[in-house]
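Overview (structure and organization)
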Amino acid sequence: MEKKIYIETYGCQMNVVDSEVIFAIMAKEGYSRTESMDEADIILANTCSVRDNAEQRIWGRIELFHKQKEKRPGVIVGIVGCMAERLKDSLTDTGKVDLVAGPDSYRSIPQLVRNITPDTPQINVLLSHEETYADIVPVRTDKNGVSAFISIMRGCNNVCSYCVVPFTRGAERSRDPGTILEEARDVFSKGYKEVTLLGQNVDSYLWKCDARTVTFADLLESVAEISPELRVRFATNHPKDISDDLIEAMARHDNICKHIHLPVQSGSNRLLEKMRRRYTREWYLERVRKIREVLPGCGITTDVIAGFCSETEEDHQDTLSLFREVGFDYAYMFNYSERPGTLAARKYPDDVPLEVKTRRLNEIITLQNELSLRSNQAEIGKTYTVLVEGPSKKNPEELCGRTGSNKMCVFPDKVHKAGEYVDVTVTSCTSATLICRLA
Ligand code: SAH
Ligand code: SF4
Ligand code: F3S
């Protein structure tokens, strides 16, 4: 009988691609992908460690997976990804996990699986300075065949004091641009209309080969030149590294989507310093000014952390005022969660009480909802080309698709299909969605 593998993916988009890489590696071993845990021979969770609640969720999943083992002895349960890297054998010590594989050891999963017995779980959490899975063609798991993620680099060389990613993903390394272009051409030839280039800090992408160096701006332009019909997105940028070259390269190509995700983390210079972000509020605002000057209408989104160590009311007000000043289109907002082993965990007490963190977070969320609404209201009456993703989630009679600036549009339309470009005019909005009609 055919063997089946089931993977639940948590955390960032890089994990989505990594799961696709694991499916590809296991396909060579004769495992096909299943979306039903009940029929899987191997059950994996590809995990995230960025905040404690991300890990708590996985402990719950381990219990659930274990029930499958009780029902069907011989089923293999594995934890892969960032939490595997962080917790190593404390996962197998539970007696409920057979396989632990860190982000750089996925090529070894077939061998690990062969070595598993009921009493000998298998672990590989070696990090690498070279691994980029460049030669592996991911098994795409997106639902509609319109938009594909492409990993262009791995790891992170920054030292943000709160962040566990450098520990779980290791040192930064860039992937051979030739293989990135090949992958983008391949998905385009298969009908995909959008690619998103992924890295923790895409601005520090760098490939050196003989006399040639390829920067992120160079790579982005090469991908954009594959076809004007292929939309190109990317994430994440770092405020300290985003260059004028990149912003200008975006302006040169209509098919590079005008959206920049630029995590700010805090509006207070004192905290930015403590977070080791290596930019100031003024620097950040200057980058935003440059983006707006060169790319009018560019969507700007961010990440922010409420209640980082020693955060005062004044620091918090600095974050709120920065949000007002920039007027972000969207933000991912989090309470600070201390991560063991990070510089912040070792040096700074996690001293903002949970109620205070949550109150501040809620103030940021309330403000951002207003800003998102205002940003969407300013779109009413304008016409945009959107890439149809499929039926709208709320109303199957309507289609949905995004503007280049990454705003979700919904519109009644019985003619077009996923993967087509359609012009729509915005007629009204909520803080999350532009409500449109065909232009
Ligand atoms: N490479 C990206 C972000 C990676 S993690 C960058 O440099 O911005 C995604 C987001 O999770 C971060 O931007 C940050 O806002 C949040 N985050 C990271 N560590 C966190 C922690 N310990 N507590 C709360 N949020 C955290
Ligand atoms: Fe974490 Fe900072 Fe690297 Fe982003 S840049 S992954 S926040 S260490
Ligand atoms: Fe989480 Fe790892 Fe991504 S910690 S955010 S899954 S790099």
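Throughout what follows, the structure given in this document is the object of discussion.

What counts and what doesn't
Numbering of residues begins from 1 in every chain and follows the order in which that chain's sequence is written. Chain labels run from A onward and ligand labels from 1 onward, assigned in the order the entries are written. Only residues with pLDDT of at least 70 are given local features in this predicted model, and only at 80 or more are side-chain atom pairs given and counted; all residues enter the totals for whole chains, interfaces and linings. The basis for every side-chain value is the complete set of non-hydrogen atoms in the structure, without hydrogens or water. Definition of nearness: a residue and a molecule or strand are near each other if at least one heavy atom of the residue lies within 4 Å of the molecule or strand. Gly is placed with the polar residues, together with every amino acid not listed as nonpolar (Ala, Val, Leu, Ile, Met, Phe, Trp, Tyr, Cys and Pro) or charged (Asp, Glu, Lys and Arg). Note on geometry: axes are lines fitted to C-alpha atoms, helical ones only across the stretch in contact, with angles between N-to-C directions running from 0 to 180 degrees. Each helix is a run of H or I in the DSSP string that is no shorter than four residues. Each strand is a run of E no shorter than two, and both are numbered from the N terminus. Put simply, angles under 35 degrees are roughly parallel, angles over 145 are roughly antiparallel, angles from 65 to 115 are roughly perpendicular, and the rest are oblique. Each helix crossing is assigned a hand: it is left-handed if the near helix lies turned anticlockwise from the far helix by less than a right angle, otherwise right-handed if that turn is clockwise. For this analysis, residues touch if any pair of their heavy atoms sits within 4.5 Å. Residue burial is assigned from relative accessible area. The probe radius is 1.4 Å, only protein chains are included, and a residue is buried under 20% of its type maximum, exposed over 50%, and partly exposed in between. Definition of a polar contact: a pair of N or O atoms within 3.5 Å, with one able to donate and the other able to accept a hydrogen when the atoms are protein atoms, and with sequence-neighbouring residues admitted only if both atoms are side-chain atoms. When DSSP finds two or more bridges between a pair of strands, those strands are recorded as paired. Each Phe, Tyr or Trp ring (for Trp, its six-membered ring) is paired with any other whose centre lies within 6.5 Å, and the angle between the two planes then decides the class: stacked below 30 degrees, edge-to-face above 60, tilted in between. Using a 1.4 Å probe, accessible areas were evaluated by the Shrake-Rupley method; residue-level cover was limited to the displayed protein chains. In these notes, a set of buried Ala, Val, Leu, Ile, Met, Phe, Trp, Tyr and Cys residues joined through side-chain atoms within 4.5 Å is what counts as a nonpolar core.

A few points about the site of ligand 3
- Residues in close proximity to ligand 3 include Cys12, Asn15, Thr47, Cys48, Ser49, Val50, Cys82, Arg169 and Gln200, which together make up its full environment.
- Across the shell around ligand 3, the residue classes break down as four nonpolar, four polar and one charged.

Overview of the packing of helix α9 (residues 244–252) against helix α11 (residues 281–294)
- At a closest axis distance of 10 Å, the pairing of α9 and α11 adopts a crossing angle of 25 degrees. Considering their axes alone, α9 and α11 lie roughly parallel with respect to each other. Our pair here, α9 against α11, has a crossing hand that is right-handed. Here Asp244, Ile247, Glu248 and Ala251 of α9 come into contact with α11, specifically with Arg287, Lys290, Ile291 and Val294.
- Classifying every residue of the contact of α9 with α11 by side-chain character gives four nonpolar, no polar and four charged.

What to know about unusual backbone geometry
- Put simply, Ala235 and Thr236 share a cis peptide bond, and its omega is 5 degrees.
- Relative to the helices and strands, Thr236 is located in the loop between β13 (231–235) and α9.
- Although it is not a glycine, Tyr133 sits at a positive phi angle of roughly 55 degrees.
- Tracing the chain through its elements places Tyr133 in the loop between β6 (122–124) and β7 (147–151).
- For Tyr133, a relative accessible area of 2% corresponds to the buried category.
- For Ser310, which is not glycine, the phi dihedral falls at a positive 70 degrees.
- Mapped onto the fold, Ser310 is located in the loop between β15 (299–306) and α12 (313–326).

Looking at the side chain of Arg339
- Residue placement: Arg339 occurs in the loop between β16 (330–335) and α13 (343–347).
- Within polar-contact distance, the side chain of Arg339 engages the side chain of Glu55 at 3.2 Å.
- Every residue in contact with Arg339, bar those within four places of it in the chain, is listed here: Ser49, Val50, Arg51, Asp52, Glu55, Arg86, Tyr162, Val164 and Ala345.

Side note on the sheet that holds β16
- Sheet architecture is open: three strands sit in the order β14-β15-β16, paired in parallel fashion. Among the strands making up the open sheet, the edge pair consists of β14 (259–261) and β16. Each neighbouring strand pair of the sheet contributes to a mean axis angle of 10 degrees, computed without reference to strand direction.
- Two strands pair when backbone bridges link them, and β15 and β16 are joined in this way by six bridges, in the parallel orientation. Among the inter-strand pairings, Val304 is bridged to a residue of β16, identified as Met333.

Observations concerning the packing of aromatic side chains
- The full count for this structure, using the stated rule, is eight aromatic pairs.
- Plain terms: the ring middles of Tyr284 and Phe328 are 6.3 Å apart, the flat faces sit at 65 degrees to each other, and that makes the pair edge-to-face. Note that Tyr284 is positioned in helix α11 and Phe328 in the loop between α12 and β16, a separation of 44 residues in sequence.
- Pairing Tyr330 with Tyr332 gives two aromatic rings, centres 5.1 Å apart and planes at 80 degrees, and the pair type is edge-to-face.
- Tyr330 gets classed as partly exposed once you look at its relative accessible area, which sits at 44%.
- Assessed through its relative accessible area of 43%, Tyr332 is described here as partly exposed.
- Three or more aromatic residues joined by ring pairs make a cluster, and in this case those are Tyr279, Tyr284, Phe323 and Phe328.

Some remarks on the site of ligand 1
- With respect to spatial proximity, 14 residues lie near ligand 1, and among them Arg51, Gln200, Gln265, Asp303 and Ser337 are the closest.
- In the environment of ligand 1, a nitrogen atom lies 3.0 Å from a nitrogen or oxygen atom belonging to the backbone of Tyr162.
- Alone, ligand 1 offers 530 Å² of accessible surface; in the complex the protein occludes 90% of this.
- Sorting the residues of the shell around ligand 1 by element identifies β15 and β16 as the ones contributing at least two each.
- Partitioning the shell around ligand 1 into residue classes produces six nonpolar, four polar and four charged.

A look at the nonpolar core
- Leu197, Phe216 and Phe323 are the most contacted members of the largest nonpolar core, which totals 54 residues.
- Among the elements that make up this core, the one with the highest residue count is helix α8 (residues 216–224) (six residues).
- Leu197 has contacts with Ile150, Ile152, Ile180, Val202, Phe216, Leu219, Leu220, Val223, Val232, Arg233, Phe234 and Ala235, leaving out every residue within four places of it along the chain.
- In this structure, Val21, Ile25, Leu44 and Ile136 belong to the second largest nonpolar core, which totals 25 residues.

Any functional reading would require information beyond the geometric quantities listed.
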